[in-house]
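In case you want the letters, here they are:
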Amino acid sequence: MAAPEAGSQEVLVPADHLMGVYSRAPLAFERGLGVHLFTEDGDAYLDCMAGIAVNALGHAHPTLIKALEAQGEKLWHVSNIFRIPDQEALAARLCELSFADVCFFTNSGTEAIECALKTARKYHSSNGQPERIDIIGFEGAFHGRTYAAVNAAGNKTYVSGFGPELPGYVHLPWGDFEAVKQAAASPTAAAILIEPVQGEGGARALSTEWLRNLRTLCDEQGILLIYDEIQCGLGRTGKLFAYEWAGDAYAPDIMTLAKALGGGFPVGACLATASAAKGMTTGAHGSTYGGNPLAMAVARAAIGEIATDAMLDHVRDVAGYLTQQLEGLKARHPDVIEDIRGKGLLVGLKLKPNNRLFMQWAREEKLLIAGGGDNCVRLLPPLIITRMDISAVVEKLDRICTRAAMETAGAAA
Ligand SMILES: Cc1ncc(COP(=O)(O)O)c(C=O)c1O
């Protein structure tokens, strides 16, 4: 890069040294506690984003801190050429809690997706059908930012400018089962990849009927079913995994997890049945950091807190209360809220006013909410949120909706 010309007035601030890939809010936090984030000035924000479904146990959860500190004093990293007992224990626990037989640990969600895609294609090639490479995905999907993940989701904004799109990715409209049936019948079909509750696409939940139909279709066509539960898994919908709403008989072959798995510590996982993972033999895949002792210790602690009847009962209770309160809000502000969607504590409000503006007004009310496709805002609070916190959230939303209605009326006048 050319240096600024001599005598130029250009002054670079530290943020200018970051790649400009994010559209950041002009806000920084110093610390967090429970469902609150605090700025350096001590301003408290109610966090209904939770790092986009990451901080499932809220901020500074004592069990996670304890696990991190204890492991931090013992061993941070060791290569995967050695046994890592905590990795084995976490894999065993996740398999015990789900349909899966085996697990591969990653550092992020998108790497878990990479593993899922490779597992699916390797399954078919090891079955003597290497031509089966097509991954069937859906409009509005988000699977992360690696090259394969953006191609799998197919969002043009995320793939354009990066050279040719990868072969073997099919994109279908949301909600068109006939199109899915047709794509699945292709002799080159490998797998269906879908989020049981679409996150970034605007909190769109698949019905139980859809989940069941997808399983049946995959069985009929001999292709694999991959659920991306990176955002909607691990308690967020009120079941440990979103696929469970359809019943265990309709479980996927492969499932990706991340986000809540480490409660804020970077870790992801690709879970699979032994059959689906048959091609993932020695040398087929790997990672330097994936499954390191530090991540495993924190994830084991996080799972210990999340995978309990008490936590899942709590999520169902507060999610029911939230939905009920939001229905009331929608009834009071029909000019602002068009629709309420999602499942559990992954809720989308489809708005009439611009969602980005709404998020800004929310920040001014000291409420943090996420954006989403289809002009939605998403509420993804920590799972530990209480009914009292939710009442505070809805009070803030009420004021924001009143402002939105006034500003929209003012702009129209
Ligand atoms: C459903 C889904 N899949 C994959 C990803 C990618 O995860 P990561 O950003 O950890 O790579 C995300 C992240 O938002 C997600 O919501």
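What you are looking at is a predicted structure, and each value in this text was computed from that prediction instead of being measured. Residue numbers here run from 1 along each chain, matching the order of that chain's written sequence. Where totals are concerned, whole chains, interfaces and linings use all residues; where local detail is concerned, this predicted model gives features only for residues with pLDDT of at least 70, and gives and counts side-chain atom pairs only at 80 or more. Note: side-chain values were computed over all heavy atoms of the structure, leaving out hydrogens and water.

Looking now at the packing of helix H3 (residues 85-97) against helix H9 (residues 293-306). How two helices pack is summed up by the angle between their axes together with the distance between the axes. Here, axes are lines fitted to C-alpha atoms. For helices the fit covers the stretch in contact, and angles between N-to-C directions go from 0 to 180 degrees. A run of H or I in DSSP counts as a helix once it spans at least four residues, and a run of E counts as a strand once it spans at least two, with each numbered from the N terminus. The N-to-C vectors of H3 and H9 enclose an angle of 35 degrees; their axes lie 9 Å apart at closest approach. You can see that H3 and H9 cross each other, and the crossing is left-handed. Between H3, through Asp86, Gln87, Ala89, Leu90, Arg93, Leu94 and Leu97, and H9, the contact on the second element is made entirely by Pro293, Met296, Ala297, Ala299, Arg300 and Ile303. Looking at the contact of H3 with H9, its residues break down into 9 nonpolar, 1 polar and 3 charged. What makes a crossing left-handed is the near helix being turned counterclockwise from the far one by less than a right angle; a clockwise turn instead makes it right-handed. Whether two residues touch is decided by their heavy atoms; if any such pair falls within 4.5 Å, the residues are in contact. Note that Gly is not counted as nonpolar here; it falls among the polar residues with everything else outside the nonpolar set of Ala, Val, Leu, Ile, Met, Phe, Trp, Tyr, Cys and Pro and the charged set of Asp, Glu, Lys and Arg.

We now examine the packing of aromatic side chains. Pairing of aromatic rings covers Phe, Tyr and the six-membered ring of Trp, with a centre-to-centre limit of 6.5 Å; geometry is then stacked below 30 degrees between planes, edge-to-face above 60, and tilted otherwise. This model, assessed by the stated rule, comprises 5 aromatic pairs. Both rings, one in phenylalanine 29 and one in tyrosine 45, keep their centres 5.3 Å apart while their planes meet at 80 degrees; by these two values the pair is edge-to-face. Residue phenylalanine 29 is found in the segment before strand S1 (31-33), and its partner tyrosine 45 is found in strand S3 (residues 44-47); the two are separated by 16 residues along the sequence. Take phenylalanine 29: its relative accessible area is 33%, and that puts it in the partly exposed class. Throughout this description, buried means an accessible area under 20% of the type-specific maximum (1.4 Å probe, protein chains only), exposed means over 50%, and partly exposed covers the range between.

Turning our eyes to something else, we now look at the environment of isoleucine 113. Counting through the fold element by element, isoleucine 113 comes out in helix H4 (residues 109-126). Among the residues examined, isoleucine 113 registers a relative accessible area of 0% and is labelled buried. Ignoring sequence-local partners within four residues, the contact set of isoleucine 113 consists of His143, Ala149, Leu193, Asp228, Ile230 and Thr256.

On to the sheet that holds strand S13 (residues 337-343), then. Pairing is antiparallel in the open sheet, where 4 strands are placed in the order S13-S14-S17-S16. Looking at which strands have only one partner, the edges of the open sheet turn out to be S13 and strand S16 (370-372). Taken pair by pair, the neighbouring strands of this sheet meet at an average axis angle of 30 degrees, ignoring direction. The rule for pairing is simple: two strands pair if DSSP sees at least two bridges between them. In the sheet, S16 pairs with strand S17 (residues 376-379) via 3 bridges, with the strands oriented antiparallel.

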